Amino acid sequence: MALPLTIRQVLSQSDVFTVDDAVIEALPHGVEVLSIEHFGKNAWTITGKIIGVDGDATERHFFIKVAHGQAGRIMLRGEHESSQLIYEKQPDFIPKPIAFGKYHVAEPEIYFYLSGFVNMDVTTKPDPAKFTAKLAEMHKLNQSPTGKFGFHVATCDGITPHAVDWEESWAVFYRNMLLRVAGLDLQRNGPWPKFERALHQVAFKVIPLLLEPLQADGGTLKPCLIHGDLWDGNAGINSKTKELLLFDASSYYAHNEMELGHWRCEFSSVFRLQEYKDRYLEKYPAAEPVDQFDDRNRLYSLKGAINYSSGHPDSALRDSAYNNMCYLCEKYAPIEGIDRYNPQLDPSITGATIVPHAEEECFEYIKLDT
């Protein structure tokens, strides 16, 4: 049986970008809309460009993103809240957030995120030293309002909501986040006993061994605001000012090294380059014990890889995540009933990459209400 059409599929069937008065009302006061058109691509939403003029006839450009249902509400509200926090401290590091809202039309239930429009170069590799300096500054500037790990609203990695309930323990927080995405992966891709056995060992044996020492013996671990889904496709260069930019933020307060976990995954071909990690660590040194940094990075990559797998059937990232879990189990908590780590399946060694969000491999599960 064919899956129901998603809001992305429905809206993209027309050359006209569908928008209603709620968006017009959310624009800055005095802006008159001249045109609205499709612009860019996003794996889970429809994106567009609004051109208008303000009271003194100055042309203004805005970016709009729309999505459907409660999944869309969570995703776009989370992006708005995340972007606001980043913009407050570093207004040159992310397009200006303007509004999050809901279309007035009753059916289907559509939500939108509105921001300033920035022409970006997304093909040129960001300067490693400059980019990582701004990223490290972001991690240092923003303080958790509770002093804990988490976030005040749900945010999403792709279409999947993060588990962001406030936690004092980083080990507990990360375990909850990892188990959530792994549960979704098993639900969508089917059972895999060896994977599940390795996952349980990582969650309840490896995570305590690697992450609890970060806060042991009176040690403190600062909850840092991270982008939350930082890979090559969510960064660019302002074509006019040449400033480096982030977008598609899905933040939460975390161990700052969590941000670099995505860079180990196959969907990151640029940020995976060693120079980005090296330059970042010059600005924000690895936590003690330093000799476990790479193992923590491998551990943190599991969340991004398994989350990607949960949204893409038969993805190679499921296999590489399992292989990384086998590595961690072998080193820290050996267990029978799983495979041996295979370096030939490790993308950090082989350099294997994928083309992220290939149209034919995405799970289409943002369903229109019926």
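Higher on the page you've got the structure.
Bear in mind the structure is a predicted one, so any value in this text is a computation, not a measurement.

(A) Seen up close, the sheet that holds strand 2 (residues 46–53). Pairing in this open sheet of five strands is antiparallel, and the strands run 1-2-3-5-4 from one edge to the other. Each of the sheet's edge strands pairs with one partner strand only, and the pair in question is strand 1 (32–38) and strand 4 (97–102). Ignoring strand direction, the axes of neighbouring strands in this sheet form an average angle of 25°. Summarising the sheet, strand 3 (residues 59–68) and strand 5 (residues 110–116) pair through seven bridges and their orientation is antiparallel.

(B) Broad picture of the state of the cysteines. One pass over the structure, following the stated rule, counts zero disulfides. Cysteine Cys-326 is unpaired, with the sulfur of Cys-329 as its nearest cysteine sulfur at 6.6 Å.

(C) Fine view of the environment of Leu-211. In this structure, Leu-211 sits in helix 6 (residues 193–211). Overall, the relative accessible area of 0% leaves Leu-211 in the buried class. For the pair Leu-211 and Ser-268, spaced 57 residues apart in sequence, the C-alpha separation works out to 24 Å. With residues up to four places along the chain from it excluded, the contact list for Leu-211 reads Trp-170, Ala-171, Tyr-174, Arg-296, Leu-299 and Tyr-300.

(D) Quick look at the sheet that holds strand 11 (residues 244–246). A sheet is described by the order of its strands in space; here three strands give the open sequence 6-10-11, paired in antiparallel fashion. Strands with a single pairing partner mark the edges of an open sheet, and in this sheet they are strand 6 (120–121) and strand 11. Together, strand 10 (235–238) and strand 11 form the strand contacts of helix 4 (residues 128–141), whose direction differs from that of strand 11 by roughly 50°.

(E) Geometry of the packing of helix 5 (residues 170–189) against helix 8 (residues 293–311). Where helix 5 meets helix 8, the axes come as close as 8 Å, and the angle between the chain directions of the two elements is 25°. As far as their axial angle goes, helix 8 and helix 5 are roughly parallel. Handedness of the crossing formed by helix 5 with helix 8: left-handed. Contacts between helix 5 and helix 8 involve Trp-170, Tyr-174, Met-177, Leu-178, Val-181, Ala-182, Leu-184, Asp-185, Arg-188 and Asn-189 from the former and Leu-299, Tyr-300, Leu-302, Lys-303, Ile-306, Asn-307, Ser-309 and Ser-310 from the latter.

(F) Here's a closer look at the pattern of salt bridges. This model, assessed by the stated rule, comprises 15 salt bridges. With a closest N to O distance of 3.1 Å, Glu-275 and Lys-125 form a salt bridge. In this pair, Glu-275 is assigned in helix 7 (residues 274–283) and Lys-125 in the loop between strand 6 and helix 4, connecting sequence segments 150 residues apart. Salt-bridge contacts for Arg-298 lead to Asp-346; the nearest nitrogen and oxygen are separated by 2.9 Å. Taken together, the residues Arg-298 in helix 8 and Asp-346 in the loop between helix 9 (316–332) and helix 10 (347–350) connect sequence positions 48 residues apart. A relative accessible area of 4% means that Arg-298 is categorised as buried. One network of salt bridges, with partners in common, ties together Lys-65, Glu-79 and Asp-248.

What counts, and where the lines are drawn
- Residues numbered from 1 in each chain as written.
- Predicted model: local features only at pLDDT ≥ 70, side-chain atom pairs only at ≥ 80, totals over all residues.
- Heavy atoms only, no water.
- Pairing = 2+ DSSP bridges.
- Helix = DSSP H or I, 4+ residues; strand = E, 2+ residues; numbered from the N terminus.
- Axes fitted to C-alpha atoms, helices over the stretch in contact; angles between N-to-C directions.
- Disulfide = S-S within 2.5 Å.
- Buried < 20%, exposed > 50% of the residue type's maximum accessible area, 1.4 Å probe, protein only.
- Contact = heavy atoms within 4.5 Å.
- Parallel < 35°, antiparallel > 145°, perpendicular 65-115°, else oblique.
- Left-handed = near helix turned anticlockwise from the far one by under 90°.
- Salt bridge = Lys/Arg side-chain N within 4 Å of Asp/Glu carboxyl O.

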